[in-house]
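# Structure assessment
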Amino acid sequence: MSATLEIAIFLSMNGNAQEAINFYKNHFKAEELLLVTYQDMAKRDSSMQLTDENKNYISHSVLSIGRAKVMIAEDTMDISEEYTVGNNTSLCIQSADLEEIEHFYNSLITDDRVKIIVPLSNNVFSKAYGIVEDPFGIQIQLMFDNRLQ
């Protein structure tokens with residue numbers, strides 16, 4: 001296992017991400033490490049549909065609470081699902097070792113009980129990003145992140 005491997009809790013907030021970020025900063029003294037809005041993402045991805053209502057929504061954020069990281073965004077991992085408490089939490093497994101992320105993904109998809117939500121592929125923010133759901137209903141994001149080096 002690489003020294004850069006980490007697992008973070010990912011929370012989807014259904015339009016309340018900024019409020020949640022402020023809450024955790026206030027009550028847990030969380031440090032904001034990263035904040036990307038839909039408007040920021042639209043600069044990288046022209047297919048992003050911006051409106052006056054969603055342009056300041058949070059596409060991705062990372063908070064540090066003690067030694068733990070919490071990621072917060074607006075949307076659930078499987079956008080075909082309606083937001084409910086229960087599908088708003090996932091694990092984000094990330095590493096600066098691309099082969100490690102590819103190995104985890106390829107291992108997971110050999111189990112026919114694993115549902116692929118987003119196949120592992122290159123996108124605007126990572127050389128390798130994918131989402132699966134394990135046999136127990138836990139959605140798992142897998143992401144290569146060279147900033148972890």
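Description of the structure in this document. What you see is a predicted model; the values in this text were computed from it and never measured. (Residues numbered from 1 in each chain as written. Predicted model: local features only at pLDDT ≥ 70, side-chain atom pairs only at ≥ 80, totals over all residues. Heavy atoms only, no water.)

### Overview of unusual backbone geometry
To be explicit about the condition: Secondary structure elements follow DSSP: runs of H or I no shorter than four residues count as helices, runs of E no shorter than two count as strands, and numbering proceeds from the N terminus. Burial status follows relative accessibility: with a 1.4 Å probe on protein chains alone, a residue under 20% of its type maximum counts as buried, one over 50% as exposed, and anything between as partly exposed.
The residue Asn14 is not glycine, and still its phi comes out positive at about 55 degrees. Of note, Asn14 is situated in the loop between strand S1 (6-12) and helix H1 (17-28). When its relative accessible area of 46% is taken as the criterion, Asn14 is described as partly exposed. In this model, Lys29 sits at a positive phi of 55 degrees, which is unusual for a non-glycine residue. By the element assignment, Lys29 lies in the loop between H1 and strand S2 (31-37).

### Re the environment of Gln39
The line we're drawing: Contact criterion: two residues are considered in contact whenever any of their non-hydrogen atoms come within 4.5 Å of each other.
Its place among the elements puts Gln39 in helix H2 (residues 38-44). You can call Gln39 partly exposed: its relative accessible area is 34%. Each C-alpha atom of the pair Gln39 and Asp134 lies 32 Å from the other, and the pair is 95 residues apart in sequence. Excluding residues that lie within four positions of it along the chain, Gln39 makes contacts with Leu50, Lys55 and Asn56.

### Thoughts on the sheet that holds strand S6 (residues 115-121)
Note the following rule: When DSSP locates at least two bridges between a pair of strands, those strands are taken to pair. All axes are obtained by fitting lines to C-alpha atoms, using only the stretch in contact for helices, and the reported angles, taken between N-to-C directions, cover 0 to 180 degrees.
Judged by pairing direction, the sheet is mixed, and its eight strands sit side by side in the order S2-S3-S4-S1-S5-S8-S7-S6 without closing on themselves. Either end of the sheet is taken by a strand with one partner, and the two such strands are S2 and S6. Neighbour to neighbour, the strand axes of the sheet diverge by 20 degrees on average, direction disregarded. The strands touched by H1 are S1, S2, strand S3 (58-65) and strand S4 (68-73); relative to S3, the strand with the most contacts, the crossing angle is about 10 degrees. Along the sheet, helix H3 (residues 98-108) contacts strand S5 (89-95), S6, strand S7 (129-133) and strand S8 (139-144); its crossing angle with S8, the most-contacted strand, is approximately 150 degrees.

### Quick look at H1
An α-helical segment advances 3.6 residues per turn. Residues three or four places apart therefore align on the same side. Put simply, the rule is: To estimate how far a helix should extend, the number of its residues minus one is multiplied by 1.5 Å. Regarding the arc, it is the one traced by the directions from the helix axis to the C-beta atoms.
Spanning 12 residues, H1 covers 16 Å between terminal C-alpha atoms, matching the ideal 16 Å at 1.5 Å per step. Here H1 has its buried residues at Ala17, Ala20, Ile21 and Tyr24. The arc enclosing the buried residues of H1, seen along the axis, measures out at 100 degrees, which places them on a common side. Summarising the geometry of H1, the exposed residues directed more than 90 degrees from the buried face are Glu19 and Asn26. Residues of H1 that are buried make contact with S1, S2, S3 and S4. Downstream of H1 by one or two residues, Lys29 has phi in the positive range, about 55 degrees.

Remember, this is a structural readout, not a statement about activity or role.
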